[in-house]
Every structure is written in C-alpha cells, then in structure tokens.
Amino acid sequence: MHRVLMKDGDTSNKDVPYNQPKFCSSATWKPNAKTFADSSTIGVNPYGIFINTKNTIYVADREVNRVQIWFEGDMNPTKTFYGGMTSPFGIFISVNDDVYVDNGNLGVVDKWIWNSTSSTTAMYVMGICHGLFIDISNNLHCSLGDFNIVIKKLLNDTTNTTTVVVGNGTSGLESNMLNNPHGIFIDVNFNLYVADRDNHRIQLFQPGELNAITVVGDGSLNITITLAYPTGIVLDGNGYLFISDTNNNRIVGSSSDGYRCIVGCDGGSGLGSNQLNAPWGISFDSYGNLFVADAYNNRIQKFMLATNCGPSYNQPKFCSSATWNPNATNFANSSTVGVNPYGIFVNTNNTIYVADRQVKRVQIWFEGDMNPAKTLSGGLTSPFGIFASANGDVYVDNGNSHEVDKWAWNATSSTTAMYVMGTCHGLFIDTSNTLYCSLGDFNLVVKELLNDTTGTQITAAGNGTSGLESNMLNNPHGIFIDINFNLYVADHDNHRIQLFQAGELNAITVAGDGSLNITITLAYPTGIILDGNGYLFISDTNNNRIVGSNSDGYRCIVGCDGVSGLGSNQLNAPWGISFDSYGNLFVADAYNNRIQKFILATNCEPETTTFAITTANIEEETTYDTGSTINDAVETTYGTEQTTEIIQGTTEDTQSVTTAEQEIDYDMESTMNGALETTYDMQSTTDIMQATTDNIESTAEILEETTDNIQSTMYADQGTTYDME
C-alpha cells in the first residue's frame, strides 16, 4: 500500500483539471464494463485518455491522427482536433481547457486552444511523449520512453528550455534509472510518480530527488503486488494509487489494506465486458467511474463505481421552498414489481432495489435502466422490508421464514443475517453496522450487530405490548437511524412518528397524534426518511400522500388531494419511500402496484458532496440504446414530459443560472446533468447547479407565504381504509 498526504492532510485539490474521487478500502467497481467508444471513433490502439472535472472526455486517436472529445452525456464525439498530428500518444488538459497532445514523431508537443482551428508548439521533444502532465506550477512534463527520461518545461517560459527531471538516459534498475517510462502523475506536493514500464515497477521521485523509491512492483520496499509492464497511473483523493497493469490485463489499486485487483481480475486478455487486452491510459470521472483505454481491443471501457464507504442511502438537502413535480412518472409496474410492493431502497449510486412480494424476489435497476438489470431470487417468501449496505450487500425481510436474508453482491444464494420472530416491516443498518428490524406484529424494534457471530438481539424500542405510552408501539413499520443513533419509527397504528433518542426506551412524538407541537395529522404512516438537513419525510399512507417537514413546519409534498387513484398525481396507500442523489422521490405506491418517481422541481440551494459515492453517475447502462439518461423520465415509455427550471438568485453579484433543455451544444460551461431534448427526446429534469464564482453561500431563500395548513382528517370509517396489511 502506498499513500502520500498533502500538506493539509488531503490529497485532492480543487485547482487541478483532473478528477480525484475519494474511495474507501472496500470500494468496488462493476466487473462488467460498458464500451464507451470503439475503433469507429477512436481508431486502433488508443493509449491516451483524459477526463477533466467537467467530465469532458478526451482520447488521442493514433490511427486517424486526431483528438476526439465528448462532453458529458454525449454518445458521439462533439468536437475534434486534427491537423498536423502523427500518431498522438500522451494527452493532458489544462485548467483552462487547453489541450496538450503528444506529437513526438514530429518532435513537438502540440497545444490546442479551445476554439482554435490549428495548434501551436508547446514544447520541443526528442521523441514520443508516452505520458504528459502539467503540475500546479504550470510545468509541462513529458515521459520520453525511448530515451528513459522524464523532462519538463515551464509553460510560462518563452525560451523553450527543457530540463531533465528524472532518469539519466540509460535503461537500468538503479534508483536513478528508468526503462521505458510511460504514465506519469505529479501530486500537489510535487511528488512525481512514474510507471517504469519495462522495469515492472512504479517509481516515486520526491521533490528535488533524482533517486526514486520503488513503491509498487519489482524491488519495492514492502511486498505489494506483481506488475507486468505498467503504463497508466493516477492517484485518488486519498493519495492511493491506481495502475494499468498492462500485460496482466487488469487495473490494480491500493488502499489502507494494501494492493488489490480492481477490474479485469481473471488476468486473461479477451473481448468480454469483464476483460481487457493491454489496458493503457486510465482516468476517473467525478463520480468515481473508471475509464480505461483498452488498447489492443481498440476501445474505451467504462467501469461503473459499484460501492463506496459512507451511508448507502441518499440524503439530499432541501430548502423550505423545495417542490416536486406533482405528476409522477411510472418507474415500474406490476409486471416487474408484482402486487402490493412495500419495500424500496435507492442507494447513493442510484441503484434501485424493490422487494417483489408476489414473485418472491428482489428486483434491481442500475441508474438509467428501464428494466431490471439484476434479480435476486430463491428461498424468499413475501419479502417486505429491504436495505442495501455500503458494500453492495442486500438485506431483505424473509420474516415468514423467520429470518432476514443477506445477498452478497455476486452471490447466487442468500445467507441468514438475522433470525426474527416475524415480518420485518422495516430494515435499517446504522453507521456502527447494526441491523434493525421493526417487528410490526410484535410491537417491537430489535437490533443485532452484524459483526457479532453470537446472534445476540437487543430490543431497541417498544415493550411488546401495543399502546400509546411513550415506551410502546402499535404495529411499527418504517424506521430510520441517523448518524447520532437517534431512532425514528413510523408507529403505524398509533398514527404518529416516534423519536427514540440514543439509548432511550421512551420516545418523543415528533409528528402525528400526541406530538408536543401541532404538526400534521397522519393516518397509518409507514415509510420514513430524513433529508440532509435532518427534516422528516413520511408516507402518510391512508391519506394517500407524502408529507415532509422543513423550517416552517410540516406540509404535503405529493398526492396532496388526499384521494386515492391511479392518476399520475395520485397515490393509493404509499408505503416505502427513498430519494435518489438528485432529490427525486421514489414511492412504493402499494395498492396501485407500481413505483412512482416524483421529480424534484425546485430547490433553492444545491448541495455538493465530497464523497464519490454520492455524486451522480451519468450512466447509460445499455450504452444509450435504451434512450435512457440520468434523472430523466423516459418520454416514450411513460408519456410524461415535464421540463423544470431551477432559477437561483443571489443578492450579490451572482449569475442567474437556468437549467434549460440542452441541444447538442452544451455551451461548455453548462452543468451536464440536464436532459438532452433533441438528442435523447427526453424530459428535462432538475439540474442542481451553483453558478456563483465566489462560492456565495447566501441565496435568496423564498419563504413560503402560505404554510401548508392541511388538517387532513382521518377518514371516519377507517374500517374501509384498505384493511391495512
């Protein structure tokens, strides 16, 4: 394992043009890649690839002597640089979007200004630059593999002076020698990492040093991992290395636990989606997805980030005036989720899990999928609650068989995670890896530490007797545990939400019947979640609506006419609820036998996250053939087209930014998560953007003039309210 910390303890830097997501030691990538580009657009043997912080993708096309460029979300190259190039190899993009590309066969590195039609010479070189890199002091580095050196030139210097940085021009194994160096990476502390290709090692040259430390491969100080002709190298935001282990046909990476294979882990070359053939350049997008120049397969492969650390669920932050489109798109119906779906979970990669009680299975959609991409089945009986952990394990109620099942990501059968007395109407795993189950039929919430092999269970809430006292529950359903271990319970038959503070067995009623303050009337609440500001969102099941709290109190969010129905603005016994990373709300509309997606329409202050897992993956899981893109309801499938604009105003010198329907031209400064109306024929969805250059944090918060005063009465005849359960 190798890691270098920056001066402030962090290894990432916002002033660099490349992405450095942060990954935990258990982060995983989907083993089967999606082909992003093939020889028809990037030619034969692509080596150089670069992705900037706007997720614009640049590939050096050696065959056609050009640079191909894709803006985020594009299916085909949007822009091409060509003219005067001969078999370009290395490529690097500056912070101001200038493109530097190897033209070493002509003895130069070319610079293409963004709107130019021809290049200028940035640096004179002796041969091919197998790697290019610009450090934070604006020094352009070139690894001259054929000459066993790395040179640099200050781009602000007009004298064309180059300096040998490392290597003495002779191939060898000594610490001051290199043998056909390829990929290079310079961190913000000016540590230079070199993929010393023909020496099968990664060399670290600390600032000002000509003698390297071998950090990986042959001759490393510590036992690490065997490399065979490594080429590409990048560092993540925690300072861990990721390497193209080219002749082993795999990508390897380091973490706190040492080195491991990331993708291509069978080691054999091939054309399969889980195989590589001489992987070369590698680059991350801002979401943590890994792009690989699969050189001898003549393609660019995209490996999706599957799991990362931190909470596995989304907690977007909403302002008090946030709104959702009242008309939902139908995400799934009974043909895929069966009759009466209750349990739904959306993880931070926007993978959607639904417990199909009728067919006794779990259906899984990756982001952008129109149809389930994966199904877990076998041994389940009417599954109810569901939760997916940060490492991709799926926990699903199998209470009719007196257990909670655990499905490891690539498993073909389940194991028992917890023995229970009956149906778990709610499941949740807290940050200490404790699994909670709400046993509605027994008026209890129980918990068990997943790392404990003894199977010891503890009562977290309830005393087993139904009642209205603060230590009692009556058919508890949805549960949520925040990072401070406060337990929220949807106390279904008591028509209230109970808060059990950490270690307490007596609850505070925070919403519904008996709450300390006048809040909102609930009728058999089931699902419950907290947003990133700690505000509650509740499935008010027998009132056929979703309600939420904010700084102004409680209000109705969707289904606000309170009448059950099949309309796109109606619900019929909404149950489980979950947010995706964009703030869109997914609802298990149980008695309509469907999953509904309510698009976030307006929000006043977009929130950003620092962990790769919560950033949105722009995933086109079926290589765009489905016409599905992220955060869009597909117009041709669901027949709904709602274009939403977020207009953000600030009281100082802020720009007004409008998320509009984007044509093919993204205008280069536009954030790419919108709908491409003319390209994909889809509905435009809310794109949470922040355009203030000074990081202005004060936004004009639109205070709601009319507090939602809905005093929904519990229908007098509750004997006819769905015969719940």
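Residues numbered from 1 in each chain as written. Predicted model: local features only at pLDDT ≥ 70, side-chain atom pairs only at ≥ 80, totals over all residues. Heavy atoms only, no water.

- Per an unreviewed UniProt entry, the recorded name for the protein is NHL repeat containing protein, and the organism is Adineta steineri.

**Topic: the overall build of the protein**
Step number 1: When helices and strands are tallied, the protein shows four helices and 52 strands.
Step number 2: Taken across its 725 residues, the protein has 60% of its residues classed as buried.
Step number 3: Considering only contacts in the protein between residues 6 or more positions apart, those separated by 24 or more positions represent 52%.
Step number 4: Put simply, the protein shows about 26,900 Å² of open surface, and 46% of that area lies on carbon and sulfur atoms. (Helix = DSSP H or I, 4+ residues; strand = E, 2+ residues; numbered from the N terminus. Buried < 20%, exposed > 50% of the residue type's maximum accessible area, 1.4 Å probe, protein only. Contact = heavy atoms within 4.5 Å. Areas by Shrake-Rupley, 256 points an atom, 1.4 Å probe, with all protein chains shown as cover.)

**Let's talk about the state of the cysteines**
Step number 1: Taken as a whole and assessed by the stated rule, the structure comprises four disulfides.
Step number 2: Between the sulfur atoms of Cys424 and its disulfide partner Cys437 the distance amounts to 2.0 Å. When the S-S torsion is -100 degrees, as for the bridge of Cys424 with Cys437, the disulfide is left-handed. You can see Cys424 sitting in strand S37 (residues 424-429) and its partner Cys437 sitting in strand S38 (residues 434-439), a full 13 residues away along the chain. (Disulfide = S-S within 2.5 Å.)

**Topic: the pairing of strand S19 (residues 230-235)**
Step number 1: With six of its six residues buried, S19 lies for the most part within the structure.
Step number 2: Pairing between S19 and strand S20 (residues 241-245): four bridges, direction antiparallel. Each bridged residue has a counterpart across the sheet, and for Val234 the counterpart in S20 is Phe242. (Pairing = 2+ DSSP bridges.)

**Overview of the packing of aromatic side chains**
Step number 1: Evaluated as defined, the whole model comprises 40 aromatic pairs.
Step number 2: Seen in terms of ring centroids, Phe318 and Phe537 are 5.7 Å apart; in terms of plane orientation they differ by 65 degrees. Their pairing is edge-to-face. One end of the pair, Phe318, is in the loop between strand S26 (305-307) and strand S27 (323-324); the other, Phe537, is in strand S46 (residues 536-540), and 219 residues separate them in sequence.
Step number 3: On the basis of relative accessible area, Phe537 is assigned to the buried category, the value being 2%.
Step number 4: Ring centres 5.9 Å apart and planes at 70 degrees place the aromatic pair Trp324 and Phe537 in the edge-to-face group. (Phe/Tyr/Trp six-rings, centres within 6.5 Å; stacked < 30°, edge-to-face > 60°.)

**So, the pattern of salt bridges**
Step number 1: For the coordinates displayed, the defined rule picks out 12 salt bridges.
Step number 2: Residues Asp196 and Arg201 are paired through a salt bridge, measuring 2.7 Å at the closest nitrogen-oxygen approach. Accessibility classification places Asp196 together with Arg201 in one group, the buried group.
Step number 3: Linking Asp491 and Arg496 is a salt bridge whose minimum nitrogen-to-oxygen distance equals 2.7 Å.
Step number 4: Take Arg496: its relative accessible area is 4%, and that puts it in the buried class. (Salt bridge = Lys/Arg side-chain N within 4 Å of Asp/Glu carboxyl O.)

**Some remarks on the UniProt feature "repeat: NHL" (unreviewed entry) in the protein**
Step number 1: As recorded in UniProt, the feature "repeat: NHL" (unreviewed entry) lies at residues 178-208, 275-306, 473-503 and 570-601.
Step number 2: Taken end to end, residues 178-208 comprises 0% helix and 52% strand; its first and last C-alpha atoms sit 17 Å apart.
Step number 3: Annotated as 0% helix and 56% strand, the span residues 570-601 places its first and last C-alpha atoms 17 Å apart. (UniProt positions renumbered as here; feature names shortened; annotations may be inferred.)

**Some words on the sheet that holds strand S11 (residues 129-134)**
Step number 1: Pairing within the open sheet is antiparallel, and its four strands lie in the order S11-S12-S13-S14. At either margin of the open sheet sits one strand with a lone partner, and together these are S11 and strand S14 (163-166). Strand-to-strand twist in this sheet, taken as the mean axis angle between neighbours without regard to direction, amounts to 30 degrees.
Step number 2: Sheet analysis places strand S12 (residues 139-144) next to strand S13 (residues 149-154), joined by six bridges and oriented antiparallel. Bridged to Asn139 within S13 is Leu154. (Axes fitted to C-alpha atoms, helices over the stretch in contact; angles between N-to-C directions.)

**Structural notes on the nonpolar core**
Step number 1: Among the nonpolar cores identified, the biggest contains 74 residues, and Trp29, Leu140, Leu192, Val216, Leu241 and Leu290 are the most heavily contacted of them.
Step number 2: Sequence-distant contacts of Leu290, defined by excluding residues within four places in its chain, comprise Trp29, Ile251, Ile262, Val263, Ile282, Ser283, Phe284, Gln301, Lys302 and Phe303. (Core = buried A, V, L, I, M, F, W, Y, C linked by side-chain atoms within 4.5 Å.)

**Here's the deal with the environment of Tyr419**
Step number 1: Structurally, Tyr419 can be placed in strand S36 (residues 415-419).
Step number 2: Residues Tyr419 and His402 lie 17 residues apart in sequence; the distance between their C-alpha atoms is 5.8 Å.
Step number 3: If sequence neighbours within four positions are ignored, Tyr419 has contacts with His402, Glu403 and Gln457.

**Concerning the sheet that holds S19**
Step number 1: Spatially, four strands are ordered S19-S20-S21-S22 in an open sheet, and the strand pairing comes out antiparallel. Each edge of the open sheet carries a strand with a single partner, namely S19 and strand S22 (258-263). With direction set aside, neighbouring strand axes in the sheet form an average angle of 25 degrees.
Step number 2: Pairing between S20 and strand S21 (residues 250-255): four bridges, direction antiparallel. Directly across from Ile243, in S21, lies its bridge partner Val252.

**Remarks on the side chain of Asn297**
Step number 1: When you line up the elements, Asn297 lands in the loop between strand S24 (290-294) and strand S25 (299-303).
Step number 2: Exposure remark for Asn297: the relative accessible area of 11% places this residue in the buried category.
Step number 3: For Asn297, the contacting residues outside a window of four places in its chain are Gly270, Leu271, Gln275, Leu276 and Asn277.

**Concerning the environment of Gly48**
Step number 1: Relative to the assigned elements, Gly48 resides in the loop between helix H1 (39-42) and strand S3 (49-51).
Step number 2: Classification of Gly48 by relative accessible area gives buried; the value is 7%.
Step number 3: For the pair formed by Gly48 and Ile91, sequence separation is 43 residues and the distance between their alpha carbons is 5.7 Å.
Step number 4: Ignoring any residue separated from it by four or fewer positions in sequence, one finds Gly48 in contact with Tyr58, Val59, Ala60, Phe89 and Ile91.

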